[in-house]
Amino acid sequence: WNLMMRDAIVRLGRERGLKINSYEPGIRNIPDANHPRTNWSVGSKHARKGGYSLEIHFDSYGEYGLGSGLIPALSSRLNTVDESLARTFGRYPIFFRGGLGAPRRGIRVLELGKLEGTLEKSLRNPGSRRKVVNYLAMKVVQALILGIDDK
């Protein structure tokens, strides 16, 4: 679902005029988190150059999940895009779980929702999947646009 969401966010973002792209390492499992092809390495490099790096996730199942929200980057100050995403989806503490790998590298993590219940059923159902993906992607895109336009 993360990849479907990523692609929908990029597509809808471009349609709305955002300069937005995604990264695909070409393989799903890279054991070394610091390998130059990992999402973290590429996202960190992008963030160090002044770009806004964002990982899209669905929160974990059961008692371990907290739901939707933005986990901010540890290496930068909150900005208007961070605040807009947090207003739309909720916010996690800056040092959530002691500081996750992506935020330690300057990458934000956006938890779109707890992947269970109605959300999971709607994503698994071929009749409703596209509508749910587009709805969530548009929420992300609108929050990005509001954050960019916020003076």
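For the structure, check the block above.
Note that the coordinates shown come from a computational prediction; the quantities given were computed from them, not determined experimentally.

Engineer: Let's hear about the sheet that holds strand 2 (residues 69-71): which residues, and what values?
Structural biologist: With mixed pairing, three strands are arranged side by side in an open sheet as 1-3-2. In the strand order of this sheet, the two ends are held by strand 1 (54-59) and strand 2, each with one partner. On average, each strand axis in the sheet is tilted by 25 degrees relative to the strand beside it, whichever way the strands run. Of the strands in this sheet, strand 1, strand 2 and strand 3 (108-114) are in contact with helix 3 (residues 80-89), which crosses strand 3 at around 10 degrees.

Engineer: Provide a residue-level description of the nonpolar core, including the pertinent values.
Structural biologist: By size, the foremost hydrophobic cluster in this structure holds 27 residues, and its most contacted members are Met5, Ile9, Phe58, Leu85, Leu110, Leu112 and Val140. For this core, the secondary structure elements donating two or more residues are helix 1 (2-15), strand 1, helix 3, strand 3, helix 5 (117-124) and helix 6 (129-149). Ranked by residue count, the leading element in this core is helix 6, at nine residues. Among all residues touching Met5, those that are not within four sequence positions of it are Ile56, Phe58, Leu112, Val133, Leu136 and Ala137. Among the nonpolar cores identified, the runner-up in size contains six residues, and Tyr92, Phe96, Ala102 and Val109 belong to it.

Engineer: Explain the packing of aromatic side chains residue by residue, including any values.
Structural biologist: Considering all chains together, one arrives at one aromatic pair under this definition. Considering the side-chain rings of Tyr92 and Phe96, the 4.6 Å spacing of their centres and the 75 degrees angle between planes classify their relative orientation as edge-to-face. With respect to class, Tyr92 is no different from Phe96; both count as buried.

Engineer: Go over the pattern of salt bridges with me, naming the residues and quoting the values.
Structural biologist: When the charged atoms of two side chains lie near each other, side chains of opposite charge can form a pair. As enumerated under the stated definition, the model contains eight salt bridges in all. In this structure, Arg28 engages Glu24 in a salt bridge whose closest nitrogen and oxygen atoms are separated by 3.1 Å. Judged by relative accessible area, which is 55%, Arg28 ranks as exposed. For Asp82, the salt bridge identified is with Arg108, shortest N-O distance 2.7 Å. Highlighted residues: Asp82 in helix 3 and Arg108 in strand 3, separated in sequence by 26 residues. Asp82 gets classed as buried once you look at its relative accessible area, which sits at 2%.

Engineer: Can you explain the pairing of strand 3? Please cite residues and give values.
Structural biologist: In terms of burial, strand 3 is a largely internal element, six of the seven residues being buried. By the bridge criterion, five bridges tie strand 1 to strand 3 in an arrangement that is parallel. Among the inter-strand pairings, Glu55 is bridged to a residue of strand 3, identified as Val109. Looking at chain direction, strand 2 and strand 3 are connected through three bridges and run antiparallel. Paired with Ile71 across the strands is Val109, a residue of strand 3.

Definitions and cut-offs
- Residues numbered from 1 in each chain as written.
- Predicted model: local features only at pLDDT ≥ 70, side-chain atom pairs only at ≥ 80, totals over all residues.
- Heavy atoms only, no water.
- Pairing = 2+ DSSP bridges.
- Helix = DSSP H or I, 4+ residues; strand = E, 2+ residues; numbered from the N terminus.
- Axes fitted to C-alpha atoms, helices over the stretch in contact; angles between N-to-C directions.
- Contact = heavy atoms within 4.5 Å.
- Core = buried A, V, L, I, M, F, W, Y, C linked by side-chain atoms within 4.5 Å.
- Buried < 20%, exposed > 50% of the residue type's maximum accessible area, 1.4 Å probe, protein only.
- Phe/Tyr/Trp six-rings, centres within 6.5 Å; stacked < 30°, edge-to-face > 60°.
- Salt bridge = Lys/Arg side-chain N within 4 Å of Asp/Glu carboxyl O.

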